[in-house]
Amino acid sequence: MKVYFDNNASTPIDPEVIAEMTPFIKQYYGNPSSGHWLGKKGKEAIEVSRKRVAGLIGAKPHEIIFTSGGSESNNHALKGVVFAHKEKSAHIITSTIEHPAIINPCRYLETKRFRVTYVGADEYGMSSPRDIEDAITDETIIVSIMHANNETGTIQPIAEIGKICRDRGISFHTDAAQSVGKIPVDVNKLNVDLLSIAGHKFHASKGVGALYVREGINLEPLIHGASHEINRRAGTENVAGIAGLGKACQIAYERMNEYNKRITGLRDLLYAKLQEIADVKLNGHPSQRLPNTLNLSFFGVDSSALVLELRDIAISTGSACHDKVKKPSSVLTAMNVPVELALGAVRFSLGRFNSEEEVNYVVERIREYLEKEVKR
């Protein structure tokens, strides 16, 4: 048996999403900017998807920009707001537990003489709204805090942080790549001005995403060229990918509660069974956490060796973007997890296509590994 428990890295494409994409690969291949009938088919599909994405997050269709994925959306949000403001002394606030798609653009902006403050997190991987408020200065123009962490699944107090920013007239962005499609996300309830979406995190294809930009937010284009995407993102649209993203949003909107109940049950069953066979520590908030995510430190275990041994099981020692580097996760380090425990951390991230049989298989394989290690 082969088991895929790495859904926070990427998800399998839903068959219904594939069916939605297929006509725009095989049949309706025209450029959506063209005026003829074949181009119009693509244009119509894009606008249907724009409505579906907007509907999932409580936005207006014209506030949705299609992108190549979460990293582009994050870069566009940060650089777009900063470069739209001409102040040389602009100040940015983010956190130490962000994905590299936020941390590295911030590092880049620091080389352009913009100032960045990185607020910390508590033992659950949660940033404090008070710390963010204390970091705000008269020069702060944007705050970016992720909605849910990709490694621990901890859900941040975004609505509270957003209210602080709104009261101070500061743009607020959240990287929602891990949360959209998994838990309810409403841009108005969260008080966000910009929000990033990645299709492949919730059963759409890779290479497609979206950026929500609240009406009235001034944003410099990241890619300059023709007038695609309401003059905000140049480049011929990935029609098939966008159609698939829209379908994934529709599925999530209609069936999220059903899926989450089952996935939460599988995650909790996995946790309970692993506690029976191993000494483990939960990394992340015990309740304010994504329904599919379980990050555990195995006492006395090198997680990289464990993952290497279990070749038939797809799990992760942290973010897939820096999985090959054997050092403590920056997220767990920011949470003050001791080095020996951070090096024993494993992330299990389940998806809607996983089963109880797979949970039992994974537990048995880990039990066999631990027993073998004891005998060495």
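Residues numbered from 1 in each chain as written. Predicted model: local features only at pLDDT ≥ 70, side-chain atom pairs only at ≥ 80, totals over all residues. Heavy atoms only, no water.

Asker: Honestly, the overall build of the protein chain in this entry has me stumped. Any pointers?
Answerer: If you tally the helices and strands in the protein chain, you get 13 helices and 12 strands. The globule rule puts the C-alpha radius of gyration for 376 residues at 21 Å, and the 21 Å found for the protein chain is close to it. Its C-alpha atoms give the protein chain principal-axis dimensions of roughly 70 × 55 × 30 Å. Sequence separation of 24 or more characterises 74% of the internal contacts of the protein chain that already satisfy a separation of 6 or more. Carbon and sulfur atoms form 51% of the exposed surface of the protein chain, whose accessible area is close to 16,200 Å². Once the 46 positive and 45 negative side-chain charges of the protein chain are each reduced to a mean point, those two points are 5 Å apart. (Helix = DSSP H or I, 4+ residues; strand = E, 2+ residues; numbered from the N terminus. Rg over C-alpha atoms; globule rule 2.2 N^0.38 Å. Contact = heavy atoms within 4.5 Å. Areas by Shrake-Rupley, 256 points an atom, 1.4 Å probe, with all protein chains shown as cover. Lys, Arg positive; Asp, Glu negative; His and termini not counted. Charge placed at Lys NZ, Arg CZ, Asp CG, Glu CD.)

Asker: When you look at the side chain of His 228 in this model, what are you seeing that I'm missing?
Answerer: Among the secondary structure elements, His 228 is positioned in helix α8 (residues 228-231). Among the polar contacts listed, one links the side chain of His 228 to the backbone nitrogen of Gly 235, at a separation of 3.0 Å. In this view, His 228 contacts Ser 33, Arg 233, Ala 234, Gly 235, Thr 236 and Glu 237; residues no more than four positions away in its chain are not counted. (Polar contact = N/O pair within 3.5 Å; in protein donor to acceptor, adjacent residues only side chain to side chain.)

Asker: Is there a simple way to think about unusual backbone geometry in this case?
Answerer: Peptide bonds are, in most cases, trans, and in most cases residues other than glycine have a negative phi. A positive phi angle, near 75 degrees, is found at Arg 113, a position not held by glycine. Secondary-structure assignment places Arg 113 in the loop between α5 (100-111) and β4 (115-119). Phi at Glu 229 is positive, roughly 50 degrees, even though this residue is not glycine.

Asker: What is the right way to read the pairing of strand β7 (residues 194-198) from this model?
Answerer: Looking down a regular strand, the side chains alternate between one sheet face and the other. Extensive coverage of β7 is indicated by the burial of 5 of its 5 residues. With 3 bridges connecting them, strand β6 (residues 171-175) and β7 associate as parallel partners. Bridge assignment links Asp 175 to a residue of β7, and that residue is Ser 196. Strand direction decides the pairing type here: β7 and strand β8 (residues 209-213), joined by 5 bridges, are antiparallel. (Buried < 20%, exposed > 50% of the residue type's maximum accessible area, 1.4 Å probe, protein only. Pairing = 2+ DSSP bridges.)

Asker: Could you clarify how one ought to interpret the packing of aromatic side chains in this entry?
Answerer: Centre-to-centre distance and the angle between the planes together describe a pair of aromatic rings. Tallied over the entire structure, the rule returns 2 aromatic pairs. Between Phe 24 and Tyr 28, the ring centres sit 5.8 Å apart and the planes meet at 50 degrees, which makes this aromatic pair tilted. A centroid spacing of 6.2 Å and a plane angle of 55 degrees characterise the contact between Phe 83 and Phe 114, whose relative ring orientation is tilted. Pair noted here: Phe 83 is in helix α4 (residues 70-84) and Phe 114 is in the loop between α5 and β4, with a separation of 31 residues, a long-range link. Since its relative accessible area comes to 11%, Phe 114 is described here as buried. One Lys or Arg, Arg 107, reaches over the ring of Tyr 118 and ends 4.4 Å from the middle of that ring. (Phe/Tyr/Trp six-rings, centres within 6.5 Å; stacked < 30°, edge-to-face > 60°. Lys NZ or Arg CZ within 6 Å of the ring centre and 35° of its normal.)

Asker: Please explain the packing of helix α3 (residues 37-57) against helix α9 (residues 239-277) as it appears in this structure.
Answerer: To describe two helices that pack against each other, one gives the angle between their axes and the distance between the axes. Two numbers describe how α3 lies on α9: the axes approach to 8 Å, and their chain directions differ by 30 degrees. The hand of the α3/α9 crossing is left-handed. Judged by residue contacts, Gly 42, Ala 45, Ile 46, Ser 49, Arg 52, Val 53, Gly 55 and Leu 56 of α3 engage Val 239, Ile 242, Ala 243, Leu 245, Gly 246, Lys 247, Cys 249, Gln 250, Ala 252, Tyr 253 and Met 256 from α9. Split into classes, the residues belonging to the contact of α3 with α9 amount to 12 nonpolar, 5 polar and 2 charged. (Axes fitted to C-alpha atoms, helices over the stretch in contact; angles between N-to-C directions. Left-handed = near helix turned anticlockwise from the far one by under 90°. Nonpolar A, V, L, I, M, F, W, Y, C, P; charged D, E, K, R; others polar.)

Asker: Help me understand the sheet that holds strand β9 (residues 280-282) in this model?
Answerer: Picture the strands of a sheet paired through backbone hydrogen bonds; they go either parallel or antiparallel. Spatially, 3 strands are ordered β9-β10-β12 in an open sheet, and the strand pairing comes out antiparallel. Strand pairing shows two members of the sheet lacking a second neighbour, β9 and β12 (345-349), which therefore form its edges. Strand after strand, the sheet turns through a mean of 30 degrees between neighbouring axes, direction not considered. One ladder, built from 3 bridges, connects β9 with strand β10 (residues 293-298); its direction is antiparallel. From the neighbouring strand, Leu 282 faces β10, where its bridge partner is Leu 296. Against the sheet, α9 touches β9, β10 and β12, its axis set at about 15 degrees to β10.

Asker: How do you make sense of the sheet that holds β8 when you look at a structure like this?
Answerer: One open sheet accounts for 7 strands, arranged β2-β8-β7-β6-β5-β3-β4; its pairing is mixed. Each edge of the sheet is formed by a strand with only one pairing partner; in this case those strands are β2 (64-67) and β4. Ignoring which end each strand starts from, the neighbouring axes of this sheet average 20 degrees apart. Across the sheet, α3 touches β2, β7 and β8, and the angle it forms with β2 is around 115 degrees. Most of the contacts of α4 go to β7, to which it runs at about 160 degrees, and overall it touches β2, β3 (91-95), β5 (140-144), β6, β7 and β8.

Any functional reading would require information that these geometric values do not contain.
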